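The chain contents come next:
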Amino acid sequence: MSLRRTATAVTFTLSTALLLAGCSSEGSDLASQYQEGSDKGYVSGDGTSLSIPTAERTEPVEFSGVDESGETFGSDDTAGEVTVVNFWYAGCAPCRVEAPDLVTAFDEYSDEGVQFVGVNTRDQVAQAQQFSQEFDIEYPSIMDNAGGRSVQRAFAGQVPLNAVPTTLVLDREGRVAHRVLGQLASASQLSTLIDETLAESSDAAGEQ
């Protein structure tokens, strides 16, 4: 009897491990999912911040899409400005928690020419509009859900976006300068990254 129970316990443990491994591998690389145009869910990031030195940045990211108001918005509208790009959807709990921090940063920096744009990865227009109203979000969000995902594919070619939310800060040339994988720790974290990117332009001007 004890041998039978032991065998059963081992089988259960292995089955559970395989199941967990399958769930992990299914959502572990949204970059490839974006390229495939699939809709497998999301992986919660841990708030890890990555800063890319100027000399190591890739080409400017060109993107465009239709926002929740039906207007076309993209990199042509943010050209020459530091830009914050936030990937989100309404049912994502960390997205809801960090929304006030994004609004705080927008209020602080919009008068300085810093651009903000959301990229909604899943919702219908009505859901996105309701979210914006709930959190008093004034900047546009491109509707980039299943069937298109052109904006996600554009950025996946530059930076591995494997978590929602993800927040990027682009330099004035449109290159990814900073990435926060997962929920922002605070508005001050985003402010620090924006300040560092704005300072690059001042430093460059001083060297000329």
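Please refer to the structure placed before this passage.
Quick look at the structure, then. Owing to the predicted nature of the structure, the values given are computational and were not obtained by experimental measurement. (Residues numbered from 1 in each chain as written. Predicted model: local features only at pLDDT ≥ 70, side-chain atom pairs only at ≥ 80, totals over all residues. Heavy atoms only, no water.)

### Details of the overall build of the chain
Okay, so step 1: Helices and strands together make up the secondary structure of the chain, namely 7 helices and 8 strands.
Okay, so step 2: Within the span of the chain, comprising 208 residues, buried residues form 45% of the whole.
Okay, so step 3: Surface accessibility of the chain: about 10600 Å² in total, with carbon and sulfur atoms responsible for 51%. (Helix = DSSP H or I, 4+ residues; strand = E, 2+ residues; numbered from the N terminus. Buried < 20%, exposed > 50% of the residue type's maximum accessible area, 1.4 Å probe, protein only. Areas by Shrake-Rupley, 256 points an atom, 1.4 Å probe, with all protein chains shown as cover.)

### Here we look at the packing of aromatic side chains
Okay, so step 1: Throughout the structure, instances matching the rule amount to 7 aromatic pairs.
Okay, so step 2: Their ring planes at 85° and their centres at 5.7 Å tell us that F87 and F155 sit as a pair that is edge-to-face. On the criterion of sequence distance, the pair formed by F87 in strand β4 (residues 83-88) and F155 in helix α6 (residues 150-156) is long-range, its members being 68 residues apart.
Okay, so step 3: On the accessibility criterion, F87 (1% relative accessible area) is buried.
Okay, so step 4: When the ring of F116 is compared with that of Y139, the centres are 5.7 Å apart and the planes differ by 35°; the resulting orientation is tilted. (Phe/Tyr/Trp six-rings, centres within 6.5 Å; stacked < 30°, edge-to-face > 60°.)

### Remarks on unusual backbone geometry
Okay, so step 1: A positive phi angle, close to 55°, is found at D136, a residue other than glycine.
Okay, so step 2: The topology assignment puts D136 in the loop between α5 (125-135) and β6 (141-143).
Okay, so step 3: Overall, D136 belongs to the exposed group, its relative accessible area being 57%.

### Some words on the sheet that holds strand β8 (residues 176-181)
Okay, so step 1: As summarised here, the arrangement of the 6 strands in space is β1-β8-β7-β4-β5-β6, forming an open sheet in which the pairing is mixed. Whereas interior strands pair on both sides, the edge strands pair on one side only; in this sheet they are β1 (48-51) and β6. Strand-to-strand twist of the sheet, defined as the mean angle between neighbouring strand axes without regard to direction, takes the value 15°.
Okay, so step 2: Bridge count for β4 against strand β5 (residues 115-120) is 6 bridges, and the pairing is parallel. Bridge pairing in β5 places N86 opposite G118.
Okay, so step 3: Running at roughly 165° to β4, helix α4 (residues 93-109) makes contact with β4, β5 and β7 (166-170) of the sheet. (Pairing = 2+ DSSP bridges. Axes fitted to C-alpha atoms, helices over the stretch in contact; angles between N-to-C directions. Contact = heavy atoms within 4.5 Å.)

### Concerning the pattern of salt bridges
Okay, so step 1: Overall, the coordinates contain 6 salt bridges when judged by the stated rule.
Okay, so step 2: Between D171 and R57 there is a salt bridge, with its nearest N and O atoms 2.9 Å apart. Highlighted residues: D171 in the loop between β7 and β8 and R57 in the loop between β1 and β2 (64-66), separated in sequence by 114 residues. Here D171 and R57 have matching classes, each one buried.
Okay, so step 3: Note that R96 and E134 form a salt bridge whose closest N and O atoms lie 2.6 Å from each other. Taken together, the residues R96 in helix α4 and E134 in helix α5 connect sequence positions 38 residues apart.
Okay, so step 4: Taking the relative accessible area as the measure of exposure, E134 reaches 46% and is therefore partly exposed.
Okay, so step 5: Look at the salt bridges and you will find they share partners, linking R57, D171, E173, R175 and E200 into a network. (Salt bridge = Lys/Arg side-chain N within 4 Å of Asp/Glu carboxyl O.)

### Side note on the pairing of β5
Okay, so step 1: In terms of burial, β5 is a largely internal element, 5 of the 6 residues being buried.
Okay, so step 2: The parallel pair β4 and β5, bridged by α4, forms a crossover whose chirality is right-handed.
Okay, so step 3: Looking at chain direction, β5 and β6 are connected through 3 bridges and run parallel. Paired with N120 across the strands is M143, a residue of β6.
Okay, so step 4: This β-α-β element, β5 to α5 to β6, shows right-handed connectivity. (Right-handed = clockwise from strand over helix to strand, strands pointing away.)

### A look at α4
Okay, so step 1: Taking 1.5 Å per residue, 17 residues should reach 24 Å; α4 reaches 25 Å between its end C-alpha atoms and fits that length.
Okay, so step 2: Largest kink in α4: about 35°, centred on A99, with the proline P100 one to four residues after it.
Okay, so step 3: Of the positions making up α4, those classed as buried are P94, C95, E98, A99, D101, L102, V103, A105, F106 and Y109. (Expected span 1.5 Å × (residues − 1). Bend = angle between axes of the 7 residues up to and from the residue.)

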